[in-house]
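Close look at the chain arrangement
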Amino acid sequence: KAGVTQTPRYLIKTRGQQVTLSCSPISGHRSVSWYQQTPGQGLQFLFEYFSETQRNKGNFPGRFSGRQFSNSRSEMNVSTLELGDSALYLCASREPTGDQDYGYTFGSGTRLTVV
Amino acid sequence: LAKTTQPISMDSYEGQEVNITCSHNNIATNDYITWYQQFPSQGPRFIIQGYKTKVTNEVASLFIPADRKSSTLSLPRVSLSDTAVYYCLVLNAGNNRKLIWGLGTSLAVNP
């Protein structure tokens, strides 16, 4: 079974630009979550999508947005990039069981550098 | 949302048992305690999950006291490859998946 695939693996952008990151979940997983990871802040929850609907949202500005397609693939977009947006962006997929949660499988992330 | 507190870093040697304790004073009745492991430039990987008492799998053991306000991840006979950051999480079994990740515990295993 293929794991969670994130593309691109590395990205360098200039301040003010926008960027789109992609995540393909494990086949059959309908939930996709996004996280930002920086050395000082650790893992910060961005949002979670389930069956094309945003279910939860973290405390990030509106410049951060996402969407999920009917095949469960997800994209996140960051507009008007700032230097502080430089981070490892991680995607995790899960198939909710309504019971215990074993299921967060993470991708290897996209390393975004804003210059 | 239950917040967790764990040591920032720990040092150990190959072959030793390592115990990492996490406190989660505000844990709710339907919350589960879950531990993840993360290597540099990779996403976190699930290690173990439990609700109460003790859980053991091929990788680790998880000890949870009766009041569930803390938990201890136990790694038996660590090796150099266990050098990683370990995260303790409290997961709501319901629809609220707004996870709060702390900074984790950076474990360094020395030869």
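Please refer to the structure higher up on the page.
Residues numbered from 1 in each chain as written. Chains lettered and ligands numbered in written order. Predicted model: local features only at pLDDT ≥ 70, side-chain atom pairs only at ≥ 80, totals over all residues. Heavy atoms only, no water.

Moving on, we come to the sheet that holds strand β6 (residues 61–64) of chain B. Residues and elements named next belong to chain B. One open sheet holds the four strands; their spatial order is β2-β7-β6-β5, and the pairing between them is antiparallel. Lying at the two open borders of the sheet, with one neighbouring strand each, are β2 (18–23) and β5 (53–56). Between one strand and the next, the sheet's axes are offset by a mean angle of 15 degrees, whatever the strand orientation. Here β6 runs beside strand β7 (residues 70–75); their pairing, made up of three bridges, is antiparallel. Within β7, the residue paired with S61 across the bridge is S74. (Pairing = 2+ DSSP bridges. Helix = DSSP H or I, 4+ residues; strand = E, 2+ residues; numbered from the N terminus. Axes fitted to C-alpha atoms, helices over the stretch in contact; angles between N-to-C directions.)

Before going further, it helps to spend a moment on the state of the cysteines. One pass over the full model with this rule turns up two disulfides over all chains. Covalent S-S linkage joins C23 of chain A and C91 of chain A, the inter-sulfur distance amounting to 1.7 Å. The sign of the -55 degrees torsion about the S-S bond sets the C23 of chain A-C91 of chain A disulfide as left-handed. Of this pair, C23 of chain A sits in strand β3 (residues 19–24) while C91 of chain A sits in strand β9 (residues 87–94), and the two are 68 residues apart along the sequence. According to the relative accessible area criterion, C23 of chain A is buried, its value standing at 0%. Taking relative accessible area as the criterion, C91 of chain A reaches 0% and is therefore assigned buried. Across the disulfide, C22 of chain B is cross-linked to C88 of chain B (sulfur-sulfur distance 2.2 Å). Residues C22 of chain B and C88 of chain B share a disulfide whose torsion about the S-S bond is about -80 degrees; that sign makes it left-handed. (Disulfide = S-S within 2.5 Å. Buried < 20%, exposed > 50% of the residue type's maximum accessible area, 1.4 Å probe, protein only.)

The next subject is unusual backbone geometry. Backbone geometry follows two general trends: most residues other than glycine have a negative phi, and most peptide bonds adopt the trans configuration. Following T7 of chain A, the chain continues into P8 of chain A via a peptide bond in cis, with omega recorded as -10 degrees. With respect to the element layout, P8 of chain A can be found in the loop between β1 (5–7) and β2 (10–13). Backbone geometry at S51 of chain A places phi at a positive 45 degrees, although glycine is not the residue there. Along the chain, S51 of chain A falls in the loop between β5 (42–50) and β6 (53–57). One non-glycine residue, T53 of chain B, lies in positive phi territory at about 60 degrees. Turning to its location among the elements, T53 of chain B is positioned in strand β5. For T53 of chain B, a relative accessible area of 51% translates into the label exposed.

A few words on the packing of aromatic side chains. Each aromatic ring pair is described using two quantities: the centre-to-centre distance and the angle formed by the ring planes. Enumeration according to the criterion identifies seven aromatic pairs over all chains in this entry. On the numbers, 6.1 Å between centres and 85 degrees between planes, the contact of F106 of chain A with Y36 of chain B is edge-to-face. One end of the pair, F106 of chain A, is in strand β10 (residues 105–106); the other, Y36 of chain B, is in strand β3 (residues 31–38), on a second chain. A centroid spacing of 6.0 Å and a plane angle of 80 degrees characterise the contact between Y36 of chain B and F46 of chain B, whose relative ring orientation is edge-to-face. Remark: F46 of chain B occurs in strand β4 (residues 45–50) and Y36 of chain B occurs in strand β3; sequence separation between them is ten residues. Y36 of chain B sits in the buried class, given a relative accessible area of 0%. (Phe/Tyr/Trp six-rings, centres within 6.5 Å; stacked < 30°, edge-to-face > 60°.)

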